[in-house]
Structures are given as structure tokens and as C-alpha cells.
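Observations on the three-dimensional arrangement
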Amino acid sequence: MPLPPLSVLDLAPIPEGGTVRDALDRSRALAQHTETLGYRRFWLAEHHNMTGIASAATALVIGHVAAGTQAIRVGAGGIMLPNHAPLTVAEQFGTLATLFPDRIDLGLGRAPGTDGATLRALRRDYGAAESFPQDVLEVQAFLGDPQAGQAVRAVPGAGTKVPLWILGSSLFGAELAGMLGLPFAFASHFAPDALMPALETYRARFRPSAQLAAPHAMVGINVVAAETEAEARRLFTTPQQAFTNLLRGTRGLLPAPIDDIETYWSPPEKRQASRMLARSLVGTAGTIRAGLEALATETEADEIIVASAIHDHAARLRSYAILAEAHGGLDAVDAHRSAA
């Protein structure tokens, strides 16, 4: 069966034994690698005060990645809009769109992407999330064609019409994306429970817009692929440890894989972390292919975006290559290039 095109979600993870510079260079190398494999997009996400994530200055990292690639779309998955003034976001992404025409995506999220103390350091208004729909419209207006008498313009930005996406892990984002006629990306790689209700809500509420004539849904999953099932399961202990650490409230660098995850987590931690990682495909090319087909049938997704928290850089590159092989390779992905 034909499968939806593949994209990449990268957090610029800082591995144990590595540095921030290592993480940023590896993200750029991964983008170059996945570009040659035919992946459609390479997205980076905004997180703050996370010692294992190097993409806090997301627009800058997008520029770093875009400068090292030729054709793959590069963007934010996403910018946490309540942390920023809409004008600033429009200026940043208008600049990126000017430097890298027809290659920049702007995914907008409502969550803070950090903790309470960091919110204060960001000078974030605790009520800012309530104005998220209005802020989205404001960003869209700043990136659109200037209007007569418009006193404030994004320079650069005005007229670039950078494509907007709404990101979500609940029904709120799904409903908003539908009402605004924007593409929708669901974070099922860490919040899988509401995936199907969110897709149903988005499609039911969708109203055509100047940007998009019909619903376009992207589904997030984790993929760890390797030459053997045993090696894939071992590599997968890295995200399993990372999610366990998240539950414990302990932050750190991306951990190396271990031989026995059962010695690391408690039964309650295992249940909760496994639930968060439920939308994960782990194994060889055959296992991954079967999982992709099942996901496509279940969700009718228009795109699949893949996170792969793998400690070893070479193993991460290989995982994305095996995924491309399982998907069908360049020809299968290129067939969808004309989609939204």
C-alpha cells in the first residue's frame, strides 16, 4: 500500500559524553542525511532549561540546518507562541523565508515547553496561552500581504506567507487548526491517548482557508530501527530511560543504551513511560514496514513525522536509512512531494 511521506522531528539531543556543539552539528548532519533519503521536512522544537536539548533558540538552529541543506523543508515543530511576541516570530521566520525561499515551515504550539521558574525567566505572562488563537492570527497577518494603513509591519516577514501549522497534544489544537483551515500536527510520539479523537475533531471542524483547501494531518511517532530486533530494542532503551527520567523529574543528557531496561525502571514507571511511548515502532525494516502500514490504515495520516532519540549518531543515521527503506525509499516519498 502507498504510505504517507516521512518527515523528521529533531530536538538536537545532547548525548552523554557529547557537547552542545556536537548536538547542533549532528542535527545538521542528520538533516543532510535525511534529505538524500527523500524525507520531506526537518523540524526542530523549542524547549528551555532542558540540559539534554540544544534547540532552545529554535529559529537560529533552523537557520543552521537550512544553510547546510538544499531542498528539504526546515521548520519549527514548534515555536511555543505564548513565549514570544507575534511580531518577533514573524520577523524571525520572515528572515528565514527570505534566506531560504519556499523551504521554511512555522509550527505553532500553545504549551510553554518548560517549567514554572523558566517561564518567569522568559518574562512569560501566565495568561498568554489564553490568547493563543488571536496570537496565531496576528502572526499570520504579519506574514501576509501588508494592508493599507497598517502601522506595524514585519520587516522582513510581510508578504512571505510562511506556511503555518498548528501543533497539539489535545483536542484544543485540533479544533483550532480545523477552524483556521491550517495543517495540524499531533504529538502522538509522547501523548498518544488523544490521537484518534484529535484527528476526528480536526477533520470534522475543518474549514477551507487561503492556505489549505482540505484537511492535512501529520502524526508523530518514535522509530528505532536496526539490523536486528535485539539491537533495535537495545537502542530503544535510550528513550525509555529518558521518559523514565522525565517522570522522576530528573533532567540530564541523552543516556546511552543499556542491556536491561527492567533494572532501570520500577513497575509504575514502566507502565507510565510505556504508555507515553505507545506510538513507537522498534525493530528491523520488516517490523517497521508493518507498523507504518497499520498506522496509515488506522489514522489516514497525510504525513508521518518521526522522532528517534538514539544516543549513537551513526546508529541514528542508520535508523532513518532503514526507515526510508521500509517506507519504500526515495521514489515513494517523492511521489507525495506535491502535497501540502
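Look up: the structure comes first, before these words.
These lines cover the structure that appears in this document, whether it is placed above or below. In this text the structure is predicted, and so the values were computed from the model without any measurement.

A few points about the overall build of the protein chain
The helix and strand tally for the protein chain stands at twelve helices and nine strands. For the protein chain, whose C-alpha radius of gyration is 19 Å, the value lies close to the compact-globule estimate of 20 Å for 340 residues. Along the first, second and third principal axes, the C-alpha set of the protein chain runs to 65 × 45 × 40 Å. Residues classed as buried in the protein chain amount to 54% of the 340 residues present. When contacts within the protein chain are restricted to residue pairs at least 6 apart in sequence, long-range pairs at least 24 apart make up 73% of them. Accessible surface, the protein chain as shown: approximately 14,200 Å² in total, 56% of it carbon and sulfur. The averaged location of the 34 negative side-chain charges in the protein chain is 3 Å from the averaged location of its 28 positive side-chain charges.

Brief notes about the pairing of strand β8 (residues 280-283)
On β8, burial covers both faces: Ser280 and Val282 on one face and Leu281 and Gly283 on the other are all buried. Of the pairings in the sheet, the one linking strand β7 (residues 217-225) to β8 comprises four bridges and is parallel in character. Bridge pairing links Asn222 to Ser280 in β8.

Some points on the pattern of salt bridges
Within the structure shown, the criterion is met by 16 salt bridges. Notably, a salt bridge pairs Glu303 with Arg41, separated by 2.7 Å at the nearest N-O pair. Linking Glu303 in strand β9 (residues 303-307) with Arg41 in strand β2 (residues 41-44), this pair joins segments that are 262 residues apart in sequence. Assigned by exposure class, Glu303 and Arg41 land together as buried.

With respect to the pairing of β2
Residues Arg41 and Trp43 line one face of β2 and the alternating positions Phe42 and Leu44 line the opposite face, and both faces are buried. With four bridges joining them, β2 and strand β3 (residues 73-80) adopt parallel strand pairing. Paired with Phe42 across the strands is Val74, a residue of β3. Regarding the hand of the β-α-β motif, the stretch spanning β2, helix α2 (residues 58-67) and β3 is right-handed.

Digging into the packing of helix α1 (residues 20-37) against helix α11 (residues 313-327)
Running from amino to carboxyl end, α1 crosses α11 at an angle of 20 degrees, the nearest separation of the two axes being 10 Å. When the axis of α1 is compared with that of α11, the two are roughly parallel. The two elements α1 and α11 meet at a crossing, and its hand is right-handed. Where α1 abuts α11, its residues Arg26, Ser27, Ala29, Leu30, His33, Thr34 and Leu37 lie against His313, Arg316, Leu317, Tyr320, Ala321 and Ala324. Grouping the constituent residues of the contact of α1 with α11 by class yields seven nonpolar, four polar and two charged.

Some words on helix α10 (residues 285-299)
Three or four residues apart is the spacing at which side chains of an α-helix point the same way, because the helix has 3.6 residues per turn. Across its 15 residues, α10 extends 21 Å between first and last C-alpha, which sits within 8% of the 21 Å expected from 1.5 Å per residue. Turning to α10, its buried residues are Ile288, Gly291, Leu292, Leu295, Ala296 and Thr299. Mapping the buried residues of α10 onto a view down its axis gives an arc of 135 degrees, with all of them on the same face. Every exposed residue of α10 that faces more than 90 degrees away from the buried side is listed here: Gly286 and Thr297. At the exit of α10 stands Glu300, carrying a positive phi of roughly 55 degrees.

Examining the nonpolar core
Among the nonpolar cores identified, the biggest contains 74 residues, and Tyr39, Phe93, Leu106, Val136, Ile221 and Leu323 are the most heavily contacted of them. Per element, the largest residue contribution to this core is seven residues, and it comes from α11. Ala226, Phe236, Ile261 and Trp265 belong to the second-largest nonpolar core, a separate cluster that totals 14 residues.

Conventions adopted
- Residues numbered from 1 in each chain as written.
- Predicted model: local features only at pLDDT ≥ 70, side-chain atom pairs only at ≥ 80, totals over all residues.
- Heavy atoms only, no water.
- Helix = DSSP H or I, 4+ residues; strand = E, 2+ residues; numbered from the N terminus.
- Rg over C-alpha atoms; globule rule 2.2 N^0.38 Å.
- Buried < 20%, exposed > 50% of the residue type's maximum accessible area, 1.4 Å probe, protein only.
- Contact = heavy atoms within 4.5 Å.
- Areas by Shrake-Rupley, 256 points an atom, 1.4 Å probe, with all protein chains shown as cover.
- Lys, Arg positive; Asp, Glu negative; His and termini not counted.
- Charge placed at Lys NZ, Arg CZ, Asp CG, Glu CD.
- Pairing = 2+ DSSP bridges.
- Salt bridge = Lys/Arg side-chain N within 4 Å of Asp/Glu carboxyl O.
- Right-handed = clockwise from strand over helix to strand, strands pointing away.
- Axes fitted to C-alpha atoms, helices over the stretch in contact; angles between N-to-C directions.
- Parallel < 35°, antiparallel > 145°, perpendicular 65-115°, else oblique.
- Left-handed = near helix turned anticlockwise from the far one by under 90°.
- Nonpolar A, V, L, I, M, F, W, Y, C, P; charged D, E, K, R; others polar.
- Expected span 1.5 Å × (residues − 1).
- Arc of directions from axis to C-beta.
- Core = buried A, V, L, I, M, F, W, Y, C linked by side-chain atoms within 4.5 Å.

Function cannot be read off these values alone, since they describe shape.
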